There are 2 protein chains.
Amino acid sequence: MFEEPHLRPRAANFQPLTPVSFLTRAAEAHPHRTAVIWRDATWDYAGLHAMAVRMAEALREAGIGRGDVVSIVARNRPEMLAAHFAVPALGAVLSTLNIRLDAGALGYILAHSESRLLLCDPACTGAAGEAARATGVRMLMLADPGEGPAPDRLDLLTGGSAAPPLDASAVTEEWQPICLNYTSGTTGAPKGAVYHHRGAFLNAMGNALTLGFGAATSYLWTLPMFHCNGWSHTWAVTAAGGTHVCLDAVEPAAIFDLIARHGVSHMCCAPVVLYMLLADPAAEAHRARLAAGEAGRVAVGTGGAAPSAHLIEQLGTLGFELTHLYGLTESYGPASICQTGEALADASNERKAAWLARQGYRHATSGTIRIAASGGAGGDAPPDGETQGEILLRGNTLMAGYYRDAAATERAFAGGWFHTGDLGVRDTDGAIRVTDREKDVIISGGENIASIEVEGVLHRHPAVLLAAVVAMPSAKWGELPCAFVELKPGREAAPDELEAFCRDQLAAFKVPRHYRFGELPKTATGKIQKFLLRQRLTDEGE
Amino acid sequence: MFEEPHLRPRAANFQPLTPVSFLTRAAEAHPHRTAVIWRDATWDYAGLHAMAVRMAEALREAGIGRGDVVSIVARNRPEMLAAHFAVPALGAVLSTLNIRLDAGALGYILAHSESRLLLCDPACTGAAGEAARATGVRMLMLADPGEGPAPDRLDLLTGGSAAPPLDASAVTEEWQPICLNYTSGTTGAPKGAVYHHRGAFLNAMGNALTLGFGAATSYLWTLPMFHCNGWSHTWAVTAAGGTHVCLDAVEPAAIFDLIARHGVSHMCCAPVVLYMLLADPAAEAHRARLAAGEAGRVAVGTGGAAPSAHLIEQLGTLGFELTHLYGLTESYGPASICQTGEALADASNERKAAWLARQGYRHATSGTIRIAASGGAGGDAPPDGETQGEILLRGNTLMAGYYRDAAATERAFAGGWFHTGDLGVRDTDGAIRVTDREKDVIISGGENIASIEVEGVLHRHPAVLLAAVVAMPSAKWGELPCAFVELKPGREAAPDELEAFCRDQLAAFKVPRHYRFGELPKTATGKIQKFLLRQRLTDEGE
């Protein structure tokens, strides 16, 4: 039954899923709704769409077509958003580059990705220009506002909002590559995760539904769009018809100002940004504006370190409500989500923190999450909140694979599941909790120490801003935990004091005996680069 | 580039899209959130999931497997909702039957669909039992609440909320059929539109995003779930994690009561239900509750006749905010949507009515809408708000085809587009407006008369509840418009008065000279059956 040939897919009832459709639909259905705000300028959806059409035309003229890689190094500005639609519409592949990388790293990615063209924000000229020259990749410079016409600049900010529909006929298959995202390099040489149209479409829909994006959403771009395409929110906010509020640099005063001025409802950022906001003198004025009704509450998505009760309490005074997201470059950003929801609305901050410290549950389009039992038997770790195993993912929002790296791809997908390299447990209520990166586990005297657990204790110490615990080689124990600590400005804490603080809350073998103080090395997205800390210890030992 | 074999789809990164995943995820991520309310009972998502698991087990025991058609004739009750997940999880195909059909029509569908089993609501036993006996289809009767155990009843309402995850491994392809929806028979013998998992998943996501369904949604089931699977809202509300509020029968007092009692935020219904609510004495008490804050505002989705300014104004007093939806059985329900949005928040009711009288724009997942230029040249009618053409659809939320009807399928999909059979225009702002069903156009003296336009005028007359205008054969003119009018209770209007009323607002050739009064024949979903009216005129003439 139902095998009749006339029930087959055909042009009328089967079209490739692509997030490009979100922009063409928005321009059609609500052309006059505000799409992007940047500095003092505003573009409605017709205007953003026309910008994407102009960009696609310029790229086509530059010879870009199906399967070509177009790189972009830019801050969160309108053209960066437009590129997320213009480049895929041509069937080309967008490679967003981290603006804080040096020329060497940028050059590596330009060369590895076989990039055909580099779109460049004038603010990012230095290292990017050097990398482009070194690799022979053609560079096309974006024009800054008010620059006026210049032959060597691509001015997409002016030109009005009238345009023919963005032609996406080059998108013939939903499995076609849409973006190339290089991993952030916490573990060595960056790998290029290939995203496809289907996954980008679905992750955007799932994020929009789970985070509650809608027409009234005002989304502040504290998160760089170059980071996993802004966790797919470049597409998700557009699908929902919300407003993108751009931000030149992550500065507290600017963030608080934009929240009040544009009625920001949502933002996402690394925890380090939240600490920065709390520590800034402008926070006090924001609290006053909040009390006076001149600023509203903001739903904040964050990922990485688990938020402490103290952090949640403090963020509450700023009107921030936390959602904890977990994902990787390979999963298009968020794969799981943890929200307190109505059930915990009146709970204590301790209870909320305990809840939000977990990575939670898959979102509406992100597939299945497993905690693999160790030992290779193939089963799941029991949902007891204690038995640790590797977190495995399966679904429609995982990369196609690593570009030009078949071996790493096969390793990542071994056994039919994506291996996150993170260790976790499943609680009795089914929520997952990341216990550590597999490679960050410290093995001391045969006992496993989860660096995250020790860091969690250190983060509760009032003088500690950030802490990272890594393995220090030890002739006697194999490894010993060593804590790298960044103190809050103007605060002090001696190693003895921190050790005693840990001893009160941890088994003895987990307590760090060695401490190093100073600023921690971070990636552009606020992740601590533990491999550099391990390198320091190795250098010390030599 | 990107043609490397290791970038292929595989089990880890490609899974068939299926709305079954919405329920398994809900049971995993928020098992204790309220899923369904019926009468005085409540099921949380764990409970609804367990009900679906029990139903799937019972069906498997009854021999149901991949590709088998399972029919259900039931009001909007929890098992009806559970069937939308349990049957597809088995790889079987759900055929929901209109509870108001007679035994002959039910028998036709049971036989045509080659149904293997009929699940039956005890309230629907009569005609359904007769049809099952006549066709030899096995009938499985659902148990009513509190009936206690009985050997010939399937009790799914009790049994607790613990269950292993609903096994959907029989869903191996997203193009697999999920439902069979027979057209409502306004045009003759019903045809069975085959829905697939992919389309159901996508239409649910698009509806949820466009209508703003979320965790706080309380959705009142005024719309029958048997009608296009409740426009996909069976799946959409579940995807969003909202609450389904069931309703035994569409009675104004019960509707107003549930709105207040369960904080209803959304409902959908045919316009005829809205007229009924407004005309009911209970409306007054609802207005008082609304004023006292004991009932909230409700977003109401409706389709069919265009709402008049008067209707919008009156609905406003009940706290109802209208969204105009347009679609067909073949498009999984809504394909386009018209909302007033923020831009019109402060507009006059006349302005809102003019806006909402249109069918608007495609929603986030529904593809492309075209108005074909007449004459077969293949182009589009110009967007001038005047030039009429057939409305064509293309996208991912269109049926696979008609079951066991290759000829009708090929006709429907001729030229690579789905032919709606509706005539429409595109306004200068891109919105579409249905001007008439192709076969409802009246051709009088060589001039086309859109029956919808004439009906729109009659609906503005204060004594008219419903009006339908059809062609009456005329020796002189070919056809003449004849108006069938259902008056409001206690109101009167003479033909002369209605004719004069029309003459003020219509070209002379469009004004009906013939009037018939009385209740209009409607389908179970409130659509007026014009073919029966035309039949009456033919009978009169003989």
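Because the structure is predicted, anything quoted here is derived from the model rather than measured. (Residues numbered from 1 in each chain as written. Chains lettered and ligands numbered in written order. Predicted model: local features only at pLDDT ≥ 70, side-chain atom pairs only at ≥ 80, totals over all residues.)

## Looking at the overall build of chain A
Operational definition: Helical segments are the DSSP runs of H or I of at least four residues, strand segments are the runs of E of at least two, and each set is numbered from the N terminus. Both definitions apply: the radius of gyration is a C-alpha atom measure, and the globule rule equals 2.2 Å times residues to the power 0.38. Counting other C-beta atoms within 10 Å of a residue's C-beta gives its exposure: the residue is buried at 20 or more, exposed at 12 or fewer, and partly exposed in between, where C-beta atoms are placed from the backbone.
When you go through chain A residue by residue, the secondary structure sums to 17 helices and 26 strands. The C-alpha atoms of chain A give 24 Å as radius of gyration, which agrees with the globular expectation for 542 residues (24 Å, within 12%). Judged by the C-alpha coordinates and their principal axes, chain A covers about 70 × 60 × 50 Å. A total of 542 residues make up chain A; the buried ones form 52% of that total.

## Observations concerning the nonpolar core
Stated precisely, the cut-off is as follows: In this description, a nonpolar core means buried residues of the types Ala, Val, Leu, Ile, Met, Phe, Trp, Tyr and Cys, linked to one another by C-beta atoms lying within 7 Å. Our contact criterion uses C-beta atoms placed from the backbone: two residues qualify when those atoms are within 7 Å.
Core analysis: the biggest nonpolar cluster contains 321 residues, and Ala52(A), Val70(A) and Ala52(B) have the highest contact counts within it. Look past the residues within four positions of Val70(A) in its chain and what remains in contact with it is Leu59(A), Ile64(A), Val87(A), Ala92(A), Val93(A), Leu94(A), Ser95(A), Arg116(A), Leu117(A) and Leu119(A). The next biggest cluster of nonpolar side chains, apart from the first, holds 22 residues, and it includes Ile442(A), Ile449(A), Leu498(A) and Ile528(A).

## Details of the packing of helix 12 (residues 309-317) of chain B against helix 13 (residues 349-356) of chain B
Residue and element names in this part refer to chain B. What counts, and what does not: Orientation is described by lines fitted to C-alpha atoms, with helices fitted over the stretch in contact, and by angles between N-to-C directions that extend from 0 to 180 degrees. Oblique is the label for every angle not falling under 35 degrees (roughly parallel), over 145 degrees (roughly antiparallel), or within 65 to 115 degrees (roughly perpendicular). Each crossing gets its hand from how the near helix is turned against the far one by less than a right angle, where anticlockwise is left-handed and clockwise is right-handed. Residue classes follow a fixed rule: Ala, Val, Leu, Ile, Met, Phe, Trp, Tyr, Cys and Pro count as nonpolar, while Asp, Glu, Lys and Arg count as charged, and any other residue, Gly among them, counts as polar.
The N-to-C vectors of helix 12 and helix 13 enclose an angle of 115°; their axes lie 8 Å apart at closest approach. Looking at the two axes, helix 12 sits roughly perpendicular to helix 13. The two elements helix 12 and helix 13 meet at a crossing, and its hand is right-handed. Contact residues: helix 12 offers Ala309, Ile312 and Glu313, while helix 13 offers Asn349, Glu350, Lys352, Ala353 and Leu356. Residue composition of the contact of helix 12 with helix 13, by class: four nonpolar, one polar and three charged.

## Examining the pairing of strand 25 (residues 478-487) of chain A
All names here are of chain A. Test applied: The pairing criterion for strands is at least two bridges between them, as found by DSSP. By convention, orient the strands away from the viewer: a clockwise path from the first strand over the helix to the second makes the crossover right-handed.
In the sheet, strand 24 (residues 464-474) pairs with strand 25 via ten bridges, with the strands oriented antiparallel. Bridge pairing links Ser474 to Gly478 in strand 25. Between strand 24 and the antiparallel strand that follows it, strand 25, lie three residues. Of the strand pairs in this sheet, strand 25 and strand 26 (residues 514-517) are connected by four bridges, and their pairing is parallel. Considered in strand 26, the bridge of Phe484 is made with Arg516. Handedness of the β-α-β unit built from strand 25, helix 16 (residues 495-503) and strand 26 comes out right-handed.

## Brief notes about the sheet that holds strand 17 (residues 368-372) of chain B
Residues and elements named next belong to chain B. With antiparallel pairing, the four strands of this open sheet are ordered in space as 17-18-20-21. Where the open sheet ends on each side, the last strands, each with one partner, are strand 17 and strand 21 (432-437). Within the sheet, the average angular offset between the axes of one strand and its neighbour, ignoring direction, is 45°. Bridging between strand 17 and strand 18 (residues 389-394) involves five bridges; their strand directions are antiparallel. Bridging from a neighbouring strand, Ala372 pairs with Glu390 of strand 18.

## What about the interface of chain B and chain A?
With 49 residues of chain B in contact, the opposing surface of chain A contributes 49 residues. Those elements that provide at least two residues to the side of chain B that touches chain A are helix 1 (20-29), helix 6 (197-211), helix 8 (233-240), strand 16 (361-362) and helix 14 (406-412) of chain B. When residues in the side of chain B that touches chain A are grouped by element, the largest group, four residues, is from helix 1 of chain B. Taken together, the residues of the side of chain B that touches chain A break down into 27 nonpolar, 14 polar and eight charged.

## Side note on helix 15 (residues 451-459) of chain A
Restricting attention to buried positions, one finds in helix 15 of chain A the residues Ser451(A), Ile452(A), Val454(A), Glu455(A), Val457(A) and Leu458(A). At its buried positions, helix 15 of chain A is contacted by strand 21 (432-437), strand 22 (442-444), strand 23 (447-449), strand 24, strand 25 and helix 16 of chain A.

## Thoughts on the relation of the copies chain B and chain A
As a reminder of what qualifies: Copy-to-copy alignment: least squares on C-alpha atoms, limited to residues at pLDDT 70 or above in both.
Placing chain B over chain A gives an RMSD of 0.1 Å and needs a rotation angle of 180°, together with 0.0 Å of translation along the axis. Those values place the two copies in the arrangement expected of a two-fold rotation axis. Relative to the rotation axis, the C-alpha of Leu209(B) is the closest in chain B, positioned 3.2 Å from it. Both copies contact each other with a shared surface, as 100% of the interface residues of chain B are interface residues in chain A too.

## Things to note about the sheet that holds strand 13 (residues 298-303) of chain A
Residue and element names in this part refer to chain A. Spatial ordering of the open sheet is given by 2-1-11-10-12-13-14-15-16, a layout of nine strands whose pairing is mixed. Because the sheet does not close on itself, it has two edges, and the strands there are strand 2 (41-44) and strand 16 (361-362). Of the pairings in the sheet, the one linking strand 12 (residues 266-269) to strand 13 comprises four bridges and is parallel in character. For Met267, the partnering residue across the bridge sits in strand 13 and is Val300. Seen against the sheet, helix 6 (residues 197-211) touches strand 12, strand 13, strand 14 (320-328) and strand 15 (333-339) and runs at an angle of roughly 15° to strand 15.

## Describing unusual backbone geometry
All names here are of chain A. Phi is positive for Glu114, close to 55°, though the residue is something other than glycine. For Glu114, the position within the fold is in the loop between helix 4 (103-112) and strand 5 (117-120). Given 16 C-beta atoms within 10 Å, Glu114 falls into the partly exposed group. A positive phi angle, close to 75°, is found at Ser232, a residue other than glycine. The exposure class of Ser232 is buried, given the 30 C-beta atoms found within 10 Å.

## Quick notes on the environment of Pro19(A)
Residue and element names in this part refer to chain A. If you trace the backbone, Pro19 turns up in the segment before helix 1 (20-29). Remark: the alpha-carbon pair of Pro19 and Ala89, spanning 70 residues in sequence, is separated by 9.3 Å. Once residues within four sequence positions are removed from consideration, Pro19 is found in contact with His197, Ala200, Phe201, Ala204 and Trp235.

## What about the environment of Asp248(A)?
All names here are of chain A. Within the secondary structure, Asp248 sits in the loop between strand 11 (243-245) and helix 9 (252-261). Residue class for Asp248 comes out partly exposed when judged on the 13 C-beta atoms lying within 10 Å of it. Remark: the alpha-carbon pair of Asp248 and Asn76, spanning 172 residues in sequence, is separated by 6.4 Å.

## Re the confidence of the model for chain A
Selection criterion: Each residue carries a pLDDT score, the predictor's own confidence in it, on a scale running from 0 to 100.
For chain A, the average pLDDT comes to 91, and 97% of its residues sit at 70 or higher. Taken together, the chains of this predicted complex give a pTM of 0.89 and an interface ipTM of 0.88.

## Structural notes on the packing of helix 2 (residues 45-61) of chain A against helix 3 (residues 78-89) of chain A
Residue and element names in this part refer to chain A. Look at helix 2 against helix 3: their axes get within 8 Å of each other, and the N-to-C directions meet at 60°. It follows from the interaxial angle that helix 2 and helix 3 lie oblique. For the element pair helix 2 and helix 3, the recorded crossing hand is right-handed. Of the residues in helix 3, those in contact with Leu48, Met51, Ala52, Met55, Ala56 and Leu59 of helix 2 are Pro78, Glu79, Leu81, Ala82, Ala83, Phe85, Ala86, Val87 and Ala89. The residue makeup of the contact of helix 2 with helix 3, split by class, is 14 nonpolar, no polar and one charged.

## Some details on the environment of Arg100(B)
All names here are of chain B. Structurally, the position occupied by Arg100 is in the loop between strand 4 (93-96) and helix 4 (103-112). You can call Arg100 partly exposed: it has 14 C-beta atoms within 10 Å. Remark: the alpha-carbon pair of Arg100 and Cys124, spanning 24 residues in sequence, is separated by 8.6 Å.

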